[in-house]
Structure formats: structure tokens, C-alpha cells
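Structural overview for review
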Amino acid sequence: MSDTLFVSVEGQVGSFPVTAAFTAGGGVTALFGESGAGKTTLLKMIAGVTRPAKGRIAIRDHVLFDSARGIHLAPEQRRIGYVFQDARLFPHLSVRNNLTYARWAGRRSEGLSYDRVVALLGLEHLQQRAPALLSGGERQRVAIGRALLSNPALLLMDEPLSSLDHSRRQEILPFLETLRDETGLPILYVSHEIDEVARLADEIVLLQGGRVTASGPAEAIFSRLGSHDDAGALVTGVVTASDEAFGLTSLDIGGQPFQIARLGFAAGTKLRLRIRARDVSIARALPQAISVRNILPAKITAIAGNDGPDCDLTLDIGGQTIVARLTRKSASELALKQGEAVFALVKAASVDRGVLRG
Amino acid sequence: MPGETEWAIVLLSLRVALVAILVALPFAFVFAWILARFSFWGKSLLQALITMPLVIPPVVTGYLLLVWFGARGMLGGLFNDVFGLTFSFRWTGAALAAGVMAFPLLVRPMRLSIESLDRGLEEAARSLGAGRIVVFLTVTLPLLLPGILAGAVLGFAKALGEFGATITFVSNIPGETQTLSLAIYSLLQSPNGDVAALRLILVSVVISIVAVVASEWLQRRLSGGRT
């Protein structure tokens, strides 16, 4: 996918310096980092709220900021939709007038049609309501719709789900997936929730201490994210068959068969699976009479561990990467070494999935 | 029932107070905005200057108005020459005194509501394509209306009841500068004026209550059930 957004900025907010350079393509680019990593500052620079000391920001050939040429477009001239953590609906306007604000106040032309956005986000029954009478999830959906209706060239989403509880998140995530798959709009998605990133991101930009420490396709970067407990990897596969009787779906992952305990995918669908490191076991020899359904020949590409009780093995399975978390003692007893061939065991019941574009 | 002269007094008072507030309101809003949104050298001095009429004796304010805005005063002469507007011993002078005395009460609620406005809303509006002026008219101002109204009502009540500065500046001339408070004062000074004074007192109490109730109702409507 060709690059849409080009960012290379240096700047400071308060005493906190941000130096970041990255490009983003057409889908969802997750800007991932701990709180205080400079994610929101970076978004504000892109949106034009904060002015970087120097650098360049452009969407395709439309330059938004260029310190060398003295260009710094006002926020309203940038055509960037901004979805904030706290929705920021205008409290004195109805949902409908919030949604159409960019049309009547911002003089923005029709991009997506009003009816389509309302249908996409399930807002039909909310249009006459006042924002104060909406639930948190509804509010965030309206905020997303309002940004979409400003006919943006880029959508910035600043932890749009962080103020919601778990069930509300689950309510909104499918809308975001639909948005990604149906509009083709480039989205820069700030998050420190690894679940959201696993499910939504096509590309990941990793931000630490105000600097970009890694960026690239989600599958390549994902294993470097997250806290100890939810470390893992993303792999993509194609659905080959469904076993209705047992509720299993078979996939092809880099030439290897793989089963997950889910149903409802047509053959040929491209699926992304999230495999947690702690759900992967290692065997030296092909195990017999074992319940684990996925036994994959793998090659150890790296072993990371220190004096702690466990260590992480990076494995190559048919060109894709997964991570296995073992106790250091197991690794030692099996005498595992980099470059060796082993078997990776993954329970079919342990896998999370996120649907990718077909 | 109040007689004709009493109605004239009430109408004069309403006119003085309304004109005072309507003229002072835009200026008060500008100062409230400056105090709420900007930090600059001398800000606390400006703040103190605006609060002045609230803390110095009204008679002193009236005297200063007389010096500056009287017939021979510097500003008084200027207004007379440029706008053909005379203040001394005229109802316009009473309005000026009322406006000056009410000014700090206009500024304060407006400043508070500007300060408590979520600026993120303005940020959101701009990201949706609206320029500064459109954002002000479509987001900022509508959300500030309850605060502006609160200031206006408070100021109106103050203007209606103003006494010291008015009597010092424009004296107590029936039909021209004799507002409710001055009329009540005069009646209480004269023998047998008690009953007439009581009628005016009742009228002024009713006006105040109506103003407060109306503003409460308006604020509820303007905030659309948000509070």
C-alpha cells in the first residue's frame, strides 16, 4: 500500500521533547506507546493544534506543515478528522446537528453521505437526542460519525475507546472494523490497548519516550508490543475448511494447517490470529496422543531471557513469526538453541482472531 | 395602585438600568474574555481596576464621574463634542453611573463561564473545518449564554438599585434622574411620604424577583437540561 501520510517532526510541549518520523499507508496505522510516550502530542502536531519546532507533515502531496517553507496550515484547513478520547460533542446541539456540523459550520463538501454514515455507525434512533442523554459508547460513535462527515483525508483517533468499559469497547470495535474495511480512509489510531491494536492495525508505529522506536507492518512489529502478560504475535492465514460438527475452522498459515475453535468464516477469507506467547509450548519431538490440535514445525530464530523465571523464544513457522514463552528451566532442560528445529504447540481453543480484509 | 408619577419613576428606572446594561455588556464581555483567556503583564492591575467600583465608596465613584464626565470634565466635553451626548444632570448620566457600578458584576460571571468552558470543544470545531469566528459564533457564544445572562441579571439588579454614585453625579431630579431608589429616599425624607414609599418599595421588590425568576428560567432553557 502506498504511503499516504508523511510525518517528520521535532518539537517540544512543555519540557517534553518529541522527535518522530514515520509514514503511514491507507489502512489503520496504530500509534502505540505507554502513556507519556508522546502519542497525543504527535497527533496534535498533525492536526495543527500544536506547532512543531521543525519538520514536515504532508498527506500525499498536500503539505500541512513545512518549517523550511514556512507552511503551517490552520486546523480547519487540514481536512483531518479528529476523534478525541472524550468525544467532545457540542452539548448545545442535537446529535444530528453535531453530525452535520462540518457541513453547516465548516462548509465542508459531501464526502460520505449522511445516511451512509448514520447507517454505518448505527445512529438512526439517536439523531434527535441531546448529547447529554447518550451513553458513553453512543457518544463516541457520534463523534466518529461527526469526524467522518467532515470529508477528511485522514482520520486521527486518540484512544477513542479508553473512556469506555469492556462491553462498550466490544460494542464499538466492530464499527471501527467496518469503517476500516468499507471507507478505505487512512486512520491513525492511538492506543495503548494491545487488543485494539491486534484487531485493527495494518501497520504499527511504536513510540517510546517521544521517539519512534519501530514501525512497519503489524505482523512484524506486534511481537515487540505489550506488557509481559499479553506479549504475543500476529499471524495471517486463509480459511480452507469449516468443521460444523465440532465447531472448528481450518486455515492455511504459510503452507501449514492450523485450526481454531471458531466458526463463521467462508473459505478463502483472510484471517488474522493473535497468538499469545504464554499459549505456545515447545516440543523437541513430535508428540503423540496429545489434545493440542496445532503442532507446527518451527525454527528458533531468537531466544530472549534474563535471570527471570521465563524466557521468550521467537519462532519462524513458514515465514511467519510467533513467540513462545517457556520457563527458563524448560528451555535449559531441552537445551534449546537458536537455529534449531522444534515443534510449536498451540491449542485451537486459545487463539483470538481479528478479521482482515479478504 | 401606583399613580402616574410613580409609573414614570418605574419606567425611568427600567430605562436607566436597561440602557446601562445593554451598553456595558459588550465592553464587560471583552474584558471578561481578556481576563479569562490571556495572561499579560499588568493583568492583576486591570483586574483591580475593574473591581474598583465594587470596593470604593459609591459616593467617591460618583464624584470621579462628576469630575471626568461632568460638563467641564475632560471626557464629558469630548462626548458632548463628538456624540452630542451630555451626562451631567441627565438620565444618561444616571445610566452611566449605573453602568459603571454594575460593571464588575457583569464581568465576573462571564469571566468564570469563559474560564470553565471546555476549550477542547473549540478544538473539535476547528478540526471540523470551522474558522475562529465561526467557532466563536456557533460553539463558544451559545455555550457562554447562561453565564452572560447571569452577569446581565446581576448587573441589572445592581443598576436598578444604584444610589450613591447616581445622586452624587447627576443629583436627584424628578422626571430626569430620580430613579426608584432616589424616589424612595426622597419620600422617606418627607413627612407623610411613608405610604407612597412603601408602594415603590413593593414595586422594586417585584421587579427584582421577576428578573431573577426570568433569568433562572432562561438559563434552564439555554442550557437545554445540561445542568
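About the cut-offs
Residues numbered from 1 in each chain as written. Chains lettered and ligands numbered in written order. Predicted model: local features only at pLDDT ≥ 70, side-chain atom pairs only at ≥ 80, totals over all residues. Heavy atoms only, no water. UniProt positions renumbered as here; feature names shortened; annotations may be inferred. Helix = DSSP H or I, 4+ residues; strand = E, 2+ residues; numbered from the N terminus. Contact = heavy atoms within 4.5 Å. Buried area = accessible area lost by both parts, 1.4 Å probe. Polar contact = N/O pair within 3.5 Å; in protein donor to acceptor, adjacent residues only side chain to side chain. Nonpolar A, V, L, I, M, F, W, Y, C, P; charged D, E, K, R; others polar. Axes fitted to C-alpha atoms, helices over the stretch in contact; angles between N-to-C directions. Parallel < 35°, antiparallel > 145°, perpendicular 65-115°, else oblique. Left-handed = near helix turned anticlockwise from the far one by under 90°. Patch = residues over 30% accessible without salt bridge, like charges linked within 9 Å, V, L, I, M, F, W, Y side chains within 5 Å. Areas by Shrake-Rupley, 256 points an atom, 1.4 Å probe, with all protein chains shown as cover. Salt bridge = Lys/Arg side-chain N within 4 Å of Asp/Glu carboxyl O. Buried < 20%, exposed > 50% of the residue type's maximum accessible area, 1.4 Å probe, protein only. 1 Å grid on protein atoms, 1.4 Å probe; cavity = no way out; pocket = protein on both sides within 12 Å on 5 of 7 lines; lining within 4 Å. Points joined across faces, edges and corners; volume = space filled by probe spheres on them. Expected span 1.5 Å × (residues − 1). Pairing = 2+ DSSP bridges.

1. Thoughts on the UniProt feature "domain: ABC transmembrane type-1" (unreviewed entry) in chain B
The feature "domain: ABC transmembrane type-1" (unreviewed entry), as annotated in UniProt, sits at residues 10-213 of chain B in this numbering. In residues 10-213 of chain B, the share of helix is 81% and the share of strand is 0%. The end C-alpha atoms are 19 Å apart.

2. Let's talk about the interface of chain A and chain B
Facing the 22 residues of chain A at the interface are 19 residues of chain B. Interface of chain A and chain B: buried area, both sides summed, is about 1,800 Å²; carbon and sulfur atoms make up 64% of it. Of all residues in chain A, the largest losses of buried area upon contact with chain B belong to Glu76(A), His92(A) and Tyr101(A), amounting jointly to 31% of the total for that side. At the junction of chain A and chain B, the tally comes to five residue pairs in polar contact (both at pLDDT 80 or more). Those elements that place two or more of their residues in the side of chain A that touches chain B are strand E7 (80-83), helix H3 (101-104) and helix H5 (136-148) of chain A. Examining the composition of the side of chain A that touches chain B, we find that three residues originate from one element, H3(A), more than from any other. Grouping the constituent residues of the side of chain A that touches chain B by class yields 14 nonpolar, three polar and five charged.

3. Considerations on the packing of helix H2 (residues 43-55) of chain B against helix H5 (residues 91-116) of chain B
Residues and elements named next belong to chain B. Where H2 meets H5, the closest approach of the two axes is 6 Å, and the angle between their N-to-C directions is 130°. As the angle between them shows, H2 and H5 are arranged oblique. H2 and H5 meet at a crossing whose hand is left-handed. Touching Lys43, Gln47, Ile50, Thr51, Pro53 and Leu54 of H2 are Val100, Met101, Phe103, Pro104, Leu105, Val107 and Arg111, all from H5. Looking at the contact of H2 with H5 residue by residue, the classes come out as nine nonpolar, two polar and two charged.

4. Focus on a nonpolar patch on the surface
All names here are of chain B. A contiguous nonpolar surface patch, about 530 Å² in accessible area, is contributed by Leu198, Ile201, Leu202, Val205, Ile209 and Val213. Counting through the fold element by element, leucine 202 comes out in helix H10 (residues 194-223). Using a relative accessible area of 53% as the deciding quantity, one classes leucine 202 as exposed.

5. Quick word on the pattern of salt bridges
If you walk through the whole model with that rule in mind, you get 22 salt bridges over all chains. Arg119(B) serves as the salt-bridge partner of Glu122(B), at 3.5 Å between the closest nitrogen and oxygen. Taken together, the residues Glu122(B) and Arg119(B), both in helix H6 (residues 119-127) and three residues apart, mark about one turn of the helix. A relative accessible area of 10% places Glu122(B) in the buried class. Relative accessible area serves as the criterion here: at 47%, Arg119(B) is assigned to the partly exposed category. Counted as one network, the salt bridges with shared partners bring together Arg56(A), Asp66(A) and Arg69(A).

6. Details of unusual backbone geometry
The backbone phi angle of Arg79(A) is positive, close to 55°, even though this residue is not glycine. Within the fold, Arg79(A) resides in the loop between strand E6 (71-72) and E7.

7. What to know about the layout of surface pockets
All names here are of chain B. Here the largest pocket is characterised by a volume of approximately 900 Å³. Together, 27 residues line the largest pocket, and Phe69, Leu96, Gly99, Val100 and Phe103 are the ones closest to its centre. Only helix H1 (4-37), H2, helix H3 (58-69), helix H4 (74-83) and H5 provide two or more residues apiece to the lining of the largest pocket. Taken together, the residues of the lining of the largest pocket break down into 24 nonpolar, three polar and no charged.

8. Considering the environment of Ser215(B)
Residues and elements named next belong to chain B. Tracing the backbone shows serine 215 in helix H10. Residues serine 215 and proline 146, 69 residues apart in the sequence, show an inter-C-alpha distance of 8.8 Å. Those residues in contact with serine 215 that lie beyond four places of it in its chain are Leu149 and Val153. In terms of polar contacts, serine 215 uses its side chain to reach the backbone carbonyl oxygen of valine 212, at 3.2 Å.

9. Comments concerning helix H6 (residues 166-183) of chain A
Residues and elements named next belong to chain A. The terminal C-alpha atoms of H6, which comprises 18 residues, lie 26 Å apart, in line with the 26 Å expected from a rise of 1.5 Å per residue. For H6, every residue scored as buried is listed here: Arg169, Ile172, Leu173, Phe175, Leu176, Glu177, Leu179 and Arg180. The first or second residue beyond H6 is glycine 184, which carries a positive phi of 70°.

10. Things to note about the pairing of strand E20 (residues 341-346) of chain A
All names here are of chain A. Relative to E20, strand E16 (residues 280-283) runs antiparallel, the two sharing four bridges. Paired with serine 281 across the two strands is leucine 345, which belongs to E20. Judged from the six bridges that link them, strand E17 (residues 294-305) and E20 form a sheet pairing that is antiparallel. By the bridge assignment, asparagine 294 is partnered in E20 with valine 346.

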